[in-house]
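# A structural walkthrough
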Protein chains: 2
Amino acid sequence: MCALPVPREPLRRVAVTGGTHGNELSGVHLVRHWLRAPGELRRPSFAATPVLANPAAAAACRRYVGCDLNRAFTSGFLSAKASPDDPYEVTRARELDQLLGPKASGAAFDLVLDLHNTTANVGTCLIAETAHQVFVMHLCRHLQLQTPELPCRVLLYKQPGEESYHVGSVAKNSLGLELGPQPQGVLRADVFSRMRALVASTLDFVELFNQGAAFPAFEMEAYRNLGGVDFPRTADGDLAGTVHPQLQDRDFEPLQPGAPIFQLFSGEDVCYEGESTVYPIFINEAAYYEKGVAFIRTEKFTFSVPALPALAPTPTLVP
Amino acid sequence: MCALPVPREPLRRVAVTGGTHGNELSGVHLVRHWLRAPGELRRPSFAATPVLANPAAAAACRRYVGCDLNRAFTSGFLSAKASPDDPYEVTRARELDQLLGPKASGAAFDLVLDLHNTTANVGTCLIAETAHQVFVMHLCRHLQLQTPELPCRVLLYKQPGEESYHVGSVAKNSLGLELGPQPQGVLRADVFSRMRALVASTLDFVELFNQGAAFPAFEMEAYRNLGGVDFPRTADGDLAGTVHPQLQDRDFEPLQPGAPIFQLFSGEDVCYEGESTVYPIFINEAAYYEKGVAFIRTEKFTFSVPALPALAPTPTLVP
């Protein structure tokens, strides 16, 4: 595996972004709380910065007001000349790139942790770009070990040749926390507490690393994005059915060819026609109706993550 | 009890309204399906009319675009002179009043069945104005008897002295079907099927009545609206906590004085300070955050519903 370089210095510039989608309320209200009471984000070697990523969408309790902020961090959007016609989120992406990046620069934040909710039954899902991000894979492993009784899956979302477009991509390292199920516009105490604990464990891991801990190599199981499957549609594009009861809420469970995936309003079933077993996720996520995605197919695979070496001790000045 | 008059003629003008709130998708997609395939709404003595109540909100997948349509059927809104500044929903309320009413007139529809979803765990909830509506109470009883294995509660929402304001109030009889939990913007097959079956049973009941069936008196248990309870708030009006895990998802279960109702972000619990047991409903409903309602308190009570007499036989012309 082609591993990306690991940090050689302590991570001191860490941000926790919530409200990237304004109706995913765990992150919105965690960040608003931390802006009032920032002590929870402090560790001996650093203090993480809480950032309300999309204030206008959070105020309106909508995913976005102009366009999806979490798709706006492409070089095209970030480098284009600003125009009064730019959607709010394109302008906001440039602001966040200045605050947390610039993307792909040495000045960028060391780590961005981006907080999300989904209406799908994904439980705790850790979203990274690729398996090559050694530091992030060790962070995922650390989070998995904190609550071994709960499934905590790793999704590698980036498809081959695709440019990264999410808020965390402006930083040197990033991880998305995706917790569900939670309806849009609802703040569940159980999901809120789970996300808060994951953020605390993330900061603890960074602190361990900063203090000089080393982490051994391990085998990681993860799910790789194979692309979306749309709902059945009528000739005019309206829904002709919805997710089958036998698929609903079964995120990360194996789907075999021939199994039902949709129930048409006419009463018939639509079965999965793929050639091999896949692991559907984001099943019936509210925000994906407009993207033409009823669920995302993934494949499960295992790979080796190399050791994360300890930081070299800070040279002590010899008197 | 002061019973309202029962129908003396067959009910032939029946409407099923969906999408009164545009992001409650069971009704939106049932109505769109019936507009393409209306046969399901036909019975020997009548054919129900499917109505997409709020097309603009359904197209945007939002509760409303200007103001809440289901609060716009007051005499103030309906009788005021139209103005170009009227919110979309006020104009739409007047259109629906012309189509299904006029409210409180002899020309109004005999029955409107209005389809709703909630993010709260209410199961199947039948919403009527008051216990005095004898025909509607018999309809509720009929629906309860169709699925005795599932709880199917009756909520009497109208508070003393309050004017009715919902879409069904333009008709001579009305009932709201409120099914949950379902996130806004999500169409679950199980909820869709349950709502479809309830609509079919409603039309079957009307057909039985139209064919001359009589229905005996019975005792009804119902829940009466005692008003809402707001979330804990910070000084600037932001959320300071959310619904307690011990209350979340416990709609229609008894809440005792002293039991926890909110969990603050600071970690403390807030307990219920009422003097008697209540039955909270619409617990953590997404649409009620902006209305300042974390849940609605109800009291449970039992009352007698008088018999619903058979229609007099249609006089036969003597040759």
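Rules behind the numbers
- Residues numbered from 1 in each chain as written.
- Chains lettered and ligands numbered in written order.
- Predicted model: local features only at pLDDT ≥ 70, side-chain atom pairs only at ≥ 80, totals over all residues.
- Heavy atoms only, no water.
- Helix = DSSP H or I, 4+ residues; strand = E, 2+ residues; numbered from the N terminus.
- Rg over C-alpha atoms; globule rule 2.2 N^0.38 Å.
- Buried < 20%, exposed > 50% of the residue type's maximum accessible area, 1.4 Å probe, protein only.
- Contact = heavy atoms within 4.5 Å.
- Areas by Shrake-Rupley, 256 points an atom, 1.4 Å probe, with all protein chains shown as cover.
- Expected span 1.5 Å × (residues − 1).
- Buried area = accessible area lost by both parts, 1.4 Å probe.
- Salt bridge = Lys/Arg side-chain N within 4 Å of Asp/Glu carboxyl O.
- Polar contact = N/O pair within 3.5 Å; in protein donor to acceptor, adjacent residues only side chain to side chain.
- Nonpolar A, V, L, I, M, F, W, Y, C, P; charged D, E, K, R; others polar.
- Axes fitted to C-alpha atoms, helices over the stretch in contact; angles between N-to-C directions.
- Parallel < 35°, antiparallel > 145°, perpendicular 65-115°, else oblique.
- Left-handed = near helix turned anticlockwise from the far one by under 90°.
- Pairing = 2+ DSSP bridges.
- Phe/Tyr/Trp six-rings, centres within 6.5 Å; stacked < 30°, edge-to-face > 60°.
- Lys NZ or Arg CZ within 6 Å of the ring centre and 35° of its normal.
- Least-squares fit on C-alpha atoms with pLDDT ≥ 70 in both.
- pLDDT = per-residue confidence, 0-100.

Broken down by element type, chain A carries six helices and 13 strands. In summary, chain A has a C-alpha radius of gyration of 20 Å against a globular reference of 20 Å for 319 residues, a match within 12%. Summarising its shape, the C-alpha atoms of chain A cover approximately 85 × 50 × 40 Å along the three principal directions. Counting across all 319 residues of chain A, residues that qualify as buried make up 56%. In chain A, the share of contacts with a sequence separation of at least 24, taken over all contacts with a separation of at least 6, comes to 74%. When the accessible surface of chain A is summed, it comes to about 13,200 Å², and 55% of that surface belongs to carbon and sulfur atoms.

Taking 1.5 Å of rise per residue, the 22 residues of helix α6 (residues 189–210) of chain A would be expected to cover 32 Å, and the 32 Å separating its terminal C-alpha atoms lies within 8% of that figure. With its phi angle positive at about 105°, A:Gly212 sits one or two positions after the end of α6(A).

Opposite the 31 residues of chain B that make contact, chain A presents 31 residues. Taking both sides of the interface into account, the surface hidden between chain B and chain A amounts to around 2,500 Å²; carbon and sulfur atoms contribute 55%. On the surface where chain B and chain A come into contact, there are six salt bridges. Ionic pairing is found between B:Asp238 and A:Arg36, a salt bridge with its closest N-O pair at 3.3 Å. Linking chain B with chain A are 14 residue pairs in polar contact (both at pLDDT 80 or more). If you tally residues by element for the side of chain B that touches chain A, the top one is helix α1 (residues 25–36) of chain B, at five residues. Grouping the constituent residues of the side of chain B that touches chain A by class yields twelve nonpolar, twelve polar and seven charged.

Glancing now at the environment of B:Cys140. Residues and elements named next belong to chain B. Relative to the elements of secondary structure, Cys-140 occurs in helix α5 (residues 134–146). On the basis of relative accessible area, Cys-140 is assigned to the buried category, the value being 0%. C-alpha of Cys-140 to C-alpha of Ala-128: the two residues are twelve residues apart in sequence and 9.0 Å apart in space. With near-sequence residues (within four places) excluded, Cys-140 lies in contact with Leu-126, Val-154, Leu-175 and Met-220.

Residue and element names in this part refer to chain B. Relative orientation of the contacting elements α1 and helix α6 (residues 189–210) amounts to 60°, with a least axis distance of 10 Å. Considering their axes alone, α1 and α6 lie oblique with respect to each other. By crossing handedness, the relation of α1 to α6 is classed as right-handed. When α1 is examined against α6, the residues Ser-26, Gly-27, His-29, Leu-30, His-33 and Trp-34 are found in contact with a partner set consisting of Val-191, Phe-192, Met-195, Arg-196 and Val-199. Here the contact of α1 with α6 is built from residues that sort into six nonpolar, four polar and one charged.

Residue and element names in this part refer to chain A. Across its twelve residues, helix α1 (residues 25–36) extends 17 Å between first and last C-alpha, which sits within 8% of the 16 Å expected from 1.5 Å per residue. With ten of twelve residues buried, α1 is to be regarded as a mostly interior element. Buried within α1 are the following residues: Leu-25, Ser-26, Gly-27, Val-28, His-29, Leu-30, Val-31, Arg-32, His-33 and Trp-34.

All names here are of chain A. Spatial ordering of the open sheet is given by β10-β11-β12, a layout of three strands whose pairing is antiparallel. Each edge of the open sheet is held by one strand with a lone partner, namely β10 (241–243) and β12 (269–271). If you compare each strand with its neighbour and ignore which way they point, the axes differ by 30° on average. Sheet topology places strand β11 (residues 260–264) next to β12; three bridges connect them, and they run antiparallel. Paired with Phe-262 across the two strands is Val-270, which belongs to β12.

This next bit is on the side chain of A:His142. The topology assignment puts A:His142 in helix α5 (residues 134–146). If we skip the residues at most four places from it in the chain, A:His142 touches A:Ser201, A:Phe205 and A:Leu208.

Below, the discussion takes up the packing of aromatic side chains. The geometry of an aromatic ring pair is captured by the separation of the ring centres together with the interplanar angle, meaning the angle of the planes. Summed over all chains, the structure comprises 24 aromatic pairs over all chains. Centre to centre, the rings of A:Tyr223 and A:Tyr279 are 5.8 Å apart; their planes meet at 70°, and the pair counts as edge-to-face. Placement of the pair is A:Tyr223 in strand β9 (residues 218–229) and A:Tyr279 in the loop between β12 and β13 (295–305), with a sequence separation of 56 residues. In this pair, the class of A:Tyr223 matches that of A:Tyr279, namely buried. Summarising the aromatic geometry, the rings of A:Phe265 and B:Phe192 are spaced 4.7 Å apart at their centres and angled 20° between planes, so their arrangement reads as stacked. Residue A:Phe265 is located in the loop between β11 and β12, and its partner B:Phe192 is located in helix α6; the two belong to separate chains. When its relative accessible area of 5% is taken as the criterion, B:Phe192 is described as buried. The ring of A:Phe301 has A:Arg224 lying over it, and the distance from NZ or CZ to the ring centre is 3.8 Å.

Attention now moves to the sheet that holds strand β11 (residues 260–264) of chain B. Backbone hydrogen bonds are what pair the strands of a sheet, in a parallel or an antiparallel way. Residue and element names in this part refer to chain B. Strand order in the open sheet made by the three strands is β10-β11-β12, with antiparallel pairing throughout. Pairing within the sheet leaves two strands with one partner each, and these edge strands are β10 (241–243) and β12 (269–271). Recorded for the sheet is a direction-independent mean angle of 30° between the axes of neighbouring strands.

All names here are of chain B. Along the chain, Thr-74 falls in the loop between α2 (55–60) and α3 (75–79). On a C-alpha basis, the gap between Thr-74 and Leu-175 in space is 17 Å, while along the polypeptide they are 101 residues apart. Excluding residues within four positions of it along the chain, Thr-74 makes contact with Lys-103, Glu-163, Ser-164 and Tyr-165.

Further remarks concern the relation of the copies chain B and chain A. If you rotate chain B by 180° and push it 0.0 Å along the axis, it lands on chain A with an RMSD of 0.0 Å. The symmetry that links the two subunits is that of a two-fold axis. Residue B:Pro183 of chain B places its C-alpha closer to the rotation axis than any other residue of that unit, at 2.3 Å. When the interface residues of chain B are mapped onto chain A, 100% of them are again interface residues, pointing to one common binding face.

The next subject is the confidence of the model for chain A. Low pLDDT means the predicted coordinates in that region are not meant to be read closely. For chain A, per-residue confidence averages 96 on the pLDDT scale, and residues scoring 70 or more make up 97% of the total. Reported confidence for the predicted complex is 0.95 by ipTM and 0.96 by pTM.

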